[in-house]
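# A look at the structure
Read off the chains here:
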Amino acid sequence: ARPRKDGGNIDSFAHGLNFCKLVWIFIIGCIIGFCVEMVWCYVQHGYFESRKGLLYGPFSPVYGFGGVLLTVSLYKLRNTNGLLVFIVSAVIGAAFEYACSLFQEIAFGTVSWEYSDTPLNLGGRTNLQYAVFWGLLGMIFIKNTYPFLSNLIEKIPNRIGKWITWIFIVLMVLNMLVSAIAVRRWTDRRTGVAADSGFSQLIDKLYPDEFMEKTYPNMTVVE
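Presented here is a report on the structure given in the accompanying data block.

Parameters at a glance
Residues numbered from 1 in each chain as written. Predicted model: local features only at pLDDT ≥ 70, side-chain atom pairs only at ≥ 80, totals over all residues. Heavy atoms only, no water. Helix = DSSP H or I, 4+ residues; strand = E, 2+ residues; numbered from the N terminus. Buried < 20%, exposed > 50% of the residue type's maximum accessible area, 1.4 Å probe, protein only. Contact = heavy atoms within 4.5 Å. Areas by Shrake-Rupley, 256 points an atom, 1.4 Å probe, with all protein chains shown as cover. Lys, Arg positive; Asp, Glu negative; His and termini not counted. Charge placed at Lys NZ, Arg CZ, Asp CG, Glu CD. Core = buried A, V, L, I, M, F, W, Y, C linked by side-chain atoms within 4.5 Å. Salt bridge = Lys/Arg side-chain N within 4 Å of Asp/Glu carboxyl O. Axes fitted to C-alpha atoms, helices over the stretch in contact; angles between N-to-C directions. Parallel < 35°, antiparallel > 145°, perpendicular 65-115°, else oblique. Patch = residues over 30% accessible without salt bridge, like charges linked within 9 Å, V, L, I, M, F, W, Y side chains within 5 Å. Expected span 1.5 Å × (residues − 1). Polar contact = N/O pair within 3.5 Å; in protein donor to acceptor, adjacent residues only side chain to side chain.

### Points about the overall build of the protein
- Check the secondary structure of the protein and you find seven helices and four strands.
- Element order for the protein, N to C, with α for helix and β for strand: α-α-α-β-β-β-α-α-α-α-β.
- Viewed in the frame of its principal axes, the protein has a C-alpha envelope of about 60 × 45 × 30 Å.
- With 223 residues in all, the protein has 40% of them scored as buried.
- Nonlocal contacts in the protein, meaning residues at least 24 apart in sequence, comprise 70% of its contacts between residues at least 6 apart.
- As displayed, the protein has an accessible area near 12600 Å², and 69% of this comes from carbon and sulfur atoms.
- Across the protein, the 19 positively charged side chains and the 16 negatively charged ones have centroids separated by 15 Å.

Set out below in structure tokens:
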């Protein structure tokens, strides 16, 4: 293996910025985001509560996709002025948060966060406070966290890394698909839509209201 000056591996399956590395950034971001949300809930309320974004595993896809978006957007800015990185991160993060909230409402008829009562919010989907958080997160991520994760990922053996990456992709796609179907059916039940097929009845049996409420305690139906 040919080492780089920054500790990475030129022969690695994830050398530089490529698809495989972004998959790993996504997975790591999902897990870190889940952990951060759990800790933040405990700090705010004094108890732990589910902050999962998917039915199976400690994953929060919003953070995973956010990590990928920040990586792609800031990669060429990683060695530039910190203030520029902060501003770009804040704008991108706020726009991403807004888009995620809008997509969730359109696709599933639900929302998982609502900021209408906070200062300088945009449609209740994001606000200035969280834009600042995104700015700080992006600055820390691209200048400190990403280099560490990048070198760590590139140390994974080439052949093993490729296999694990594709296993991750298949399992994550299935997890997202099942979660999306279960959430959509949960919304339908809460709005009085009866199960009109054997498949809908199966989803109702596998993922009843009690299970969904425990998994997504902050997800509410949009009136």
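Now that the structure has been shown, the text picks up again.
### Examining the environment of D117
- Of note, D117 is situated in the loop between strand 1 (110–111) and strand 2 (121–122).
- Between the alpha carbons of D117 and S12 there is a distance of 48 Å; along the sequence they are 105 residues apart.

### Some points on the nonpolar core
- Counting residues in hydrophobic clusters, the biggest one holds 28 residues, and the most contacted among them are F13, I25 and F141.
- Counting residues per element, the ones that place at least two in this core are helix 1 (19–45), helix 2 (61–74), helix 3 (82–108) and helix 4 (128–154).
- Sorting elements by how many residues they give to this core places helix 1 first, with seven residues.
- Setting aside anything within four residues of it in sequence, one finds I25 in contact with G67, V68, T71, F141, Y146, L149 and I153.
- Counting ten residues, the second-largest nonpolar core is a separate cluster that includes F108, V183, Y207 and M219.

### A word on the pattern of salt bridges
- Under the criterion given, the structure shown has eight salt bridges.
- The closest approach of N and O atoms between R51 and E49, which form a salt bridge, is 2.6 Å.
- By relative accessible area, R51 is classed as buried at 16%.
- One network of salt bridges, with partners in common, ties together R185, R189, D204 and D209.

### Section: the packing of helix 2 against helix 4
- Helix 4 packs onto helix 2 with a crossing angle of 70° between their chain directions and a minimal axis gap of 10 Å. Overall, the two elements helix 2 and helix 4 adopt an arrangement that is roughly perpendicular. Facing helix 2, whose interface residues are G66, G67, L70, T71 and L74, helix 4 presents W134, G138, F141, I142 and Y146.

### Overview of a nonpolar patch on the surface
- The grouping of L120, L128, V132, F133, L136 and I140 at the surface amounts to a nonpolar patch, some 540 Å² of accessible area in total.
- For I140, the position within the fold is in helix 4.

### A closer look at helix 1
- If you check helix 1, its first and last C-alpha atoms are 38 Å apart, about what 27 residues at 1.5 Å a residue would give, namely 39 Å.
- Its side-chain oxygen 3.3 Å from the backbone nitrogen of C20, N18 forms the N-cap of helix 1.
- Phi for G46, located one or two positions after helix 1, is positive at around 85°.

### A word on the side chain of T71
- Considering the arrangement of structural elements, one finds T71 in helix 2.
- By relative accessible area, which is 0% here, T71 ends up buried.
- Setting aside chain neighbours within four positions, we find T71 in contact with L17, L22, I25, F141, I142 and Y146.

### Regarding unusual backbone geometry
- Look at L120: it is not a glycine, yet its phi comes out positive at around 50°.
- Note that L120 resides in the loop between strand 1 and strand 2.

### Some points on the environment of V178
- Summarising the element assignment, V178 is placed in helix 5 (residues 158–190).
- For the pair formed by V178 and F141, sequence separation is 37 residues and the distance between their alpha carbons is 31 Å.
- Those residues within four positions of V178 in sequence are excluded, and the remaining contacts are L55, Y56 and Y207.

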